[in-house]
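So you can see what is in the structure, the chains are spelled out below.
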Amino acid sequence: MHYRVWDAHAVEGFGAVALSRQQRAFVEGLLRMLDPRAFPSEHVSAVNSALLALIRVHHALEGNVSAERQPLTGLLKLLTATARANMDASSLVFGAVPDNARHLRAARRLIHELEAKLTKAKAMPDDAKRAYATRLGRLIGPASRSVQGWLVPVWEAALSPGAAAHIRNEIAVSVVLQGRDGLDLRTDLIAMMKRRSPDVPEAREIAKVLWPEERAFRVGIVVAGTRELRTLEKLLPGARQHRVARDADAGPGGHDLDTRRRFLRRVAAGLDGPAVLVTHPVCAADAHTALRRGRRKLGEVLDQYAAGQRLNRLSVHPLMFATDSSAHVVHDDTRSKTTKAAQPLTTHWPPSLGAALRASHLAQQVDAPMTTAGLVWSAVESVGMKSDRLDVLAKACALHATRQQLLGLWHLVLPSARAIVRHAAWRHREYEQKATRAARSVAKIGNNPAASARLAADELRALHADLQRQAARTRDSHNALADEVGQLLGSVEAVVLKGGAAQAASGDSRTIVLNRWFDVLVPPAGASGDILSAHRALARLVAVTDGLAAEQVAAWQRRLTHPADFAAWLHDQQNTIHSLLTWLYAMRNAAFHQGVFAKPADEVTAQAALGMIDMVLEFLGHWSQTEIEAGLTMTGPRHVLEQLADRQTELQARLATDSTSHPLDLDRISAPGPASARL
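Numbers given to residues run from 1 along each chain, matching the order in which its sequence is written. Per-residue local features of the predicted model are confined to residues with pLDDT of at least 70, and side-chain atom pairs are confined, for both listing and counting, to 80 or more; whole-chain, interface and lining totals are unaffected and use all residues. To get the side-chain values, take all heavy atoms of the structure and skip hydrogens and water.

Asker: Report on the pairing of strand β4 (residues 315-324), specifying residues and quantitative values.
Answerer: Counting buried residues in β4 gives eight out of 10 residues, a clear majority hidden from the surface. Strand pairing follows a simple DSSP-based rule, namely that at least 2 bridges must link the two strands. Put simply, DSSP H or I for four residues or longer makes a helix, DSSP E for two residues or longer makes a strand, and each gets a number counted from the N terminus. Two elements, strand β1 (residues 215-224) and β4, share seven bridges in a ladder whose sense is antiparallel. Looking across to β4, one finds that V219 is bridged to A322. A simple rule labels every residue: compare its accessible area, found with a 1.4 Å probe on the protein chains alone, to the largest value its type can have, and call it buried under 20%, exposed over 50%, or partly exposed in between.

In structure tokens form, the structure reads like this:
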């Protein structure tokens, strides 16, 4: 797992300013949540958010009193109940931001009232529902602005790690709802911190990067299958069309024509038929958001042309471009990255899982979020989970999230530690380069006899000597840090990696034994010497790395040391996933019964749905693979999910009363076999 938040550019940018642990954890955690490579249970789409719960309940109420009556009252009750549970869990952070939680507190009270009235009344009047919808709707805007205001305490005040993490989750949801692209945000944050170096930016400066004013872009997209889209300007105001010639010659012209010509040369090589380039205006906070919005808008317009061209197929080319008033051009290929050799998740699947695999694959390929939600729901139903059994799937996913997040913790500690060493190396290189430039300046002056030249040469020589001393100091600091981190990582890897020290020596740190990692985090009674040594090395390692790694290691050590906290976390995960599944079902009904193909936060929900079904297929595939290797008969997906749900219930009950989380077999927590019965 490679997160871009710890690549060379990010290390250089964030290392240029002296961020506190809380500030570093905020930046690193936010960018990791917005990284498309994040584990599904750690992505922003999977977090518990009071703001998102408010938005969903409001629009569910509006849909229930609309002509189509979707969602139905029974589903509305369930949506309200899960939203209330999410609001209750999120409200724990309200005390850390008393001045800015007023609107969400009011929303929570209204949702509590609404749930009580829906539960008691056989048929709550539509007028009463509309009144609640109106009152909740009025709170969405102020609540969104309030969450943005939470940046001040998390950036400038000292908060508990738990409160800081909750606030970070809400801010991440707010950023995504504004339409911010995670990788563009990373680029903008790095650029801003380099400009402010060595001073730490203020909260208001960070806010301008998180929630910038939208600006005008022009997005270029190629439609294959035709040379012209007639009357396009009426359907897509501001759109312009340009012929795509096989030689991709856009003709002479200024910057716009040069941009178009370069773009069309890239596209034309892969075309085997007629095509037309469509450019149209889009307002967005960044270029990749503009590309995403532009593609979605044009796709909806093409629906009308597809209806008029029954025997022809129009398709959108994956290569697009966006340009703004500064003439900055961004090219984007919507196709996923390639691989040298594609591998199946497993070669052993129960035949009954074929429909889920197909629906999940199709869901990853479509552009429309509502369609994605509908396909994911089809995959959910095909594994035997109907709308009245969502708690079973939620429990199974919550159990697997334990394994996934502890694995994610390893993939957080490792790059964080290596990034610290890379940053020290960058500091050394920076001083060496400055010293080299100073030496060149001295050489240019040479033996110039002028008094001013001699004075300048003396100053430059003094500067050069100082920079050489700084370079030597940072070289020694880097070497010492590299040695220390290398020894600490070696001590931990020798225990945690599946192949032990031999695997660590090969440079492969991916395959670990989760049970050993669990023991290193929280050593059991009577732990061996190598476990205790690795535990001490980990403590020193996170003290050196600081930031998100230190925060998350401490959080998981706290959970695993206090089983009641672990049980509460499991329950919160279950509620969050249950809420997602309920809203996913409502989106599916709106798409299929109302013909609605746009909903508030639909892109966030679609991303969460894809992550959830990916998680389900991961543990179902792992289960089937384990059964085949053991010579057992493969269990159907519905029965697997029921067993995992029972296992989660048993684990949560045990954790609520036990004084230790041990023993807990994380390697087989979502796999069959007697070892998993130790839960």
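Asker: Break down the packing of aromatic side chains for me, with residues and values.
Answerer: Only Phe, Tyr and Trp rings take part, Trp by its six-membered ring, and two of them pair if their centres are within 6.5 Å. Stacked means planes under 30 degrees apart, edge-to-face means over 60, and tilted covers everything else. Under the counting rule described, the total for this entry stands at seven aromatic pairs. On the numbers, 6.2 Å between centres and 75° between planes, the contact of F26 with W155 is edge-to-face. Taken together, the residues span a long stretch of sequence, with F26 in helix α2 (residues 21-33) and W155 in helix α7 (residues 151-156) at a distance of 129 residues. When the ring of W410 is compared with that of W517, the centres are 5.2 Å apart and the planes differ by 75°; the resulting orientation is edge-to-face. Linking W410 in helix α16 (residues 390-445) with W517 in helix α19 (residues 514-521), this pair joins segments that are 107 residues apart in sequence. Residue classification places W517 among the buried positions, given a relative accessible area of 0%. Each residue in the set W556, F566 and W569 is aromatic and connected to the rest through ring pairs, giving one cluster. When the ring centre of Y431 is taken as reference, the NZ or CZ atom of K434 above it lies at 5.7 Å. One Lys or Arg, R559, reaches over the ring of W556 and ends 4.6 Å from the middle of that ring. Remark: a charge is flagged as sitting over a ring if the NZ atom of Lys or the CZ atom of Arg is within 6 Å of the ring centre and within 35 degrees of the ring normal.

Asker: Talk me through the environment of A601; I want residue IDs and the actual numbers.
Answerer: Looking at the secondary structure, you find A601 in the loop between α22 (563-594) and α23 (602-629). Judged by its relative accessible area of 15%, A601 is buried. For A601 and H411, which are 190 residues apart along the polypeptide, the C-alpha to C-alpha distance reads 29 Å. With residues up to four places along the chain from it excluded, the contact list for A601 reads L52 and L177. Any pair of residues with heavy atoms lying within 4.5 Å of one another is described as a contacting pair.

Asker: Kindly report on the pattern of salt bridges, identifying the contributing residues and their values.
Answerer: Where charged atoms from two side chains of opposite charge approach closely, those side chains can pair. Salt bridge, as used here, is a side-chain nitrogen of Lys or Arg placed within 4 Å of a carboxyl oxygen of Asp or Glu. Scanning the entire structure with this criterion turns up 31 salt bridges. Residue E115 pairs with R84 through a salt bridge whose shortest N-O separation is 2.8 Å. With E115 in helix α5 (residues 102-120) and R84 in helix α4 (residues 73-90), this pair connects stretches of sequence that are 31 residues apart. Here D602 and R296 are joined by a salt bridge, their closest N and O atoms 2.7 Å apart. Of this pair, D602 sits in helix α23 while R296 sits in helix α13 (residues 287-308), and the two are 306 residues apart along the sequence. Taken as a pair, D602 and R296 share a single burial class, namely buried. Overlapping salt bridges bring together R292, R296, E300, D602 and E603 as one network.

Such coordinate-based values are descriptive only and should not be taken to indicate function.
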